[in-house]
Amino acid sequence: MKAAVGGYARARDLRHALELLAQTNGMGRVLAGGQSLVAALNMRLTTGDVLVDISALSECRGVVEDGDTLRIGALTRHAEIGRDPLIAAHAPLLAEATTHIAHAAIRNRGTIGGAIAHADPAAEFPACALALGAVMHVEGLAGAREIPAADFFRDTFETALEEGEILAAITIPKAEPDEVQVIEEVARRSGDYALAGLCLVRRAAGHRVSLFSTGPKPMLATGAMAALDAGDVEGAIAALKGEIDPPSDTQASGAYRRHLAGVLLRRAVARIEGGTR
Amino acid sequence: MTEIVRDRIDVALVVNGEPVEARVPVGQHLIDFLRLELGLTGAHASCEHGVCGACTIRVNGEAVRGCLTLAAQADGAEVWTVEGLTDTGAIADLQAEFVSRNALQCGFCTPGMLVAADELLARGGVPSRGEVREHLSGNYCRCTGYEAIVDAVEAVATARAGGDARTGEGGA
Ligand SMILES: Cc1cc2nc3c(=O)[nH]c(=O)nc-3n(C[C@H](O)[C@H](O)[C@H](O)COP(=O)(O)OP(=O)(O)OC[C@H]3O[C@@H](n4cnc5c(N)ncnc54)[C@H](O)[C@@H]3O)c2cc1C
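Residues numbered from 1 in each chain as written. Chains lettered and ligands numbered in written order. Predicted model: local features only at pLDDT ≥ 70, side-chain atom pairs only at ≥ 80, totals over all residues. Heavy atoms only, no water.

Brief notes about the domain arrangement of chain B
Note: interface size is frequently given as the accessible area lost on complex formation between the parts.
Residue and element names in this part refer to chain B.
In step 1: Looking at chain B, the domain boundaries give domain 1 (4–85) and domain 2 (91–160).
In step 2: Relative to domain 2, the C-alpha centre of domain 1 lies at a distance of 22 Å.
In step 3: Facing the 16 residues of domain 1 at the interface are 14 residues of domain 2.
In step 4: Interface area, domain 1 with domain 2, both sides summed: about 1,200 Å², of which 60% is carbon and sulfur.
In step 5: Inspection of the region where domain 1 meets domain 2 yields one salt bridge.
In step 6: For the interface between domain 1 and domain 2, the tally reads seven residue pairs in polar contact (both at pLDDT 80 or more).
In step 7: Breaking the side of domain 1 that touches domain 2 down by element, the ones donating at least two residues are strand 3 (56–59), strand 4 (62–65) and helix 2 (82–88). (Domains from an automatic or database assignment. Contact = heavy atoms within 4.5 Å. Buried area = accessible area lost by both parts, 1.4 Å probe. Salt bridge = Lys/Arg side-chain N within 4 Å of Asp/Glu carboxyl O. Polar contact = N/O pair within 3.5 Å; in protein donor to acceptor, adjacent residues only side chain to side chain. Helix = DSSP H or I, 4+ residues; strand = E, 2+ residues; numbered from the N terminus.)

Notes on the domain arrangement of chain A
Residue and element names in this part refer to chain A.
In step 1: Segmentation of chain A into domains returns domain 1 (5–53), domain 2 (63–173) and domain 3 (180–274).
In step 2: Here the C-alpha centre of domain 2 lies 19 Å away from the C-alpha centre of domain 1.
In step 3: Taken together, the 13 residues of domain 1 in the interface contact 14 residues of domain 2.
In step 4: Taking both partners together, domain 1 and domain 2 bury about 1,100 Å²; carbon and sulfur atoms supply 76% of that area.
In step 5: Per-residue buried area on domain 1 facing domain 2 is highest for L14, L18 and Q35; these three make up 45% of the total on that side.

Describing the UniProt feature "domain: FAD-binding PCMH-type" (unreviewed entry) in chain A
In step 1: Following the UniProt record, the feature "domain: FAD-binding PCMH-type" (unreviewed entry) maps to residues 1–177 of chain A here.
In step 2: Taken end to end, residues 1–177 of chain A has its terminal C-alpha atoms 51 Å apart, with 33% of it in helix and 26% in strand. (UniProt positions renumbered as here; feature names shortened; annotations may be inferred.)

As for the interface of chain A and chain B
In step 1: Every contact between the two is made by 39 residues of chain A and, on the other side, 32 residues of chain B.
In step 2: Both faces considered, chain A and chain B share a buried interface measuring about 2,800 Å² in area, 48% of it formed by carbon and sulfur atoms.
In step 3: Seen at the junction of chain A and chain B, the total is five salt bridges.
In step 4: The salt bridge partner of A:K2 is B:E48, with a shortest N-O separation of 2.6 Å.

Points about the site of the ligand
In step 1: Around the ligand lies a shell of 34 residues, among which A:V30, A:Q35, A:L37, A:T111 and A:E124 are the nearest.
In step 2: The environment of the ligand is shared, with nearby residues belonging to chains A and B.
In step 3: Take A:R29: an N or O atom from its side chain is 3.4 Å from an oxygen atom of the ligand.
In step 4: Taking A:G34, its main chain carries an N or O atom lying 2.7 Å from an oxygen atom of the ligand.
In step 5: In isolation the ligand offers 970 Å² of accessible surface; the protein chains occlude 94% of this area.
In step 6: Elements with a contribution of two residues or more to the shell around the ligand: strand 2 (28–31), helix 7 (112–118) and strand 10 (166–173) of chain A.
In step 7: Tallying contributions element by element places helix 7 of chain A first for the shell around the ligand, with four residues.
In step 8: In terms of residue class, the shell around the ligand is made up of 18 nonpolar, 13 polar and three charged. (Near = heavy atom within 4 Å. Areas by Shrake-Rupley, 256 points an atom, 1.4 Å probe, with all protein chains shown as cover. Nonpolar A, V, L, I, M, F, W, Y, C, P; charged D, E, K, R; others polar.)

Next up, the structure:
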């Protein structure tokens with residue numbers, strides 16, 4: 001099928017993009033990498049959108065150090081995250097996550113901001129953001145907002161972004177010297193969305209476990225985190241299975257996803273105990 | 001004055017080394033533009049949601065999904081399709097290996113497969129078979145079962161590196 005769009009505009013800078021969005025009478029739609037949006041347009045899952053193309057805004061692309069945090073521009077592409085030395089050094093979880101996201105050609109254009117704003121419950125980056133305690137930096141004509149990852153993801157494809165706002169960057173605390181970060185997932189084929197996935201971070205303050213593709217949005221498994229802090233892996237797996245209620249669909253049953261979540265936690269723990277990061 | 005364009009927008013890009021200027025419908029993807037406006041029918045519009053890889057073309061030096069890139073977004077871009085890569089001879093060795101190893105049958109996936117494989121080969125070294133499979137995982141072939149395609153890519157990598165396939169491991 002072919003897209004039926006209501007209009008298109010190329011933004012020169014972030015301010016211009018916000019002004020363009022404000023002119024669209026609620027039909028505005030930010031176009032970043034297009035790797036989810038253009039597919040949806042082609043399938044006419046959405047029609048009449050006025051596309052505000054932000055893909056050329058260099059101010060929103062790239063990774064920089066900012067004190068104890070890394071600032072990642074929303075338009076930084078998956079492939080760039082995967083090879084960025086600052087990411088490798090300070091947020092290795094994101095680099096590993098890119099190896100699970102789609103295929104090389106899609107990673108060449110898809111952006112981290114797009115993946116986070118899109119909020120697919122099976123996507124890797126939202127769960128990484130949650131596990132790492134990222135902060136979303138959102139710009140609007142009314143001003144800027146900073147939204148912690150824990151408050152950002154609301155429901156399937158639904159975030160705290162208001163109409164007319166743009167996600168400009170995300171910041172992530174740099175990994176501590178002894179911090180370990182791993183991601184595990186099961187997908188039927190390389191590049192498919194995960195049937196179930198899990199991020200595990202161990203830092204001085206304790207463990208953080210986030211899950212994706214096990215509910216309507218990525219979630220922190222606080223019961224499993226507490227059990228891991230107490231050194232009880234079996235307890236953590238039991239807690240994890242109790243605190244999720246995964247959906248059944250054509251890809252997998254809820255019971256299978258719950259089982260996988262336990263398997264993934266066991267694998268992730270084995271990796272961090274083995275010292276691999 | 002609004003800068004929102006409702007129906008068509010001007011683009012200027014370079015396709016297969018030739019400058020092109022056109023007015024494109026704002027919702028048209030790059031593959032339809034290349035095929036319908038420029039007559040470059042090598043890259044295929046197939047699934048049109050990024051899954052099959054038959055539309056893979058090179059934009060600004062990278063392999064991308066032509067069906068998930070709007071023509072409007074290609075303003076200022078440098079685009080290469082299988083036609084241009086054939087004319088320059090850039091992938092002649094890869095094409096020859098595909099032919100000699102029967103790495104294509106119906107040929108529908110081949111233009112996209114060649115562009116995707118070319119991106120991997122351009123990194124240099126000899127990728128492992130696992131790396132070749134991973135890099136081509138987004139390109140579906142319903143005829144060959146992939147084995148001959150992986151053979152062809154491996155053979156070209158080895159030949160370009162001037163060595164023996166088993167000794168020149170390109171990484172994990
Ligand atoms: C075949 C295929 C397989 C895939 N597999 C995976 C996978 O395994 N895991 C995964 O995570 N993803 C996967 N993806 C999706 C891919 O990662 C996309 O790149 C990503 O979901 C969206 O990023 P984008 O930059 O392309 O955003 P776009 O497609 O341009 O936009 C997506 C949505 O986010 C909004 N948006 C984008 N950027 C911003 C911003 N800065 N501020 C506000 N709103 C914004 C848009 O308005 C739109 O609603 C796959 C895609 C395809 C086609």
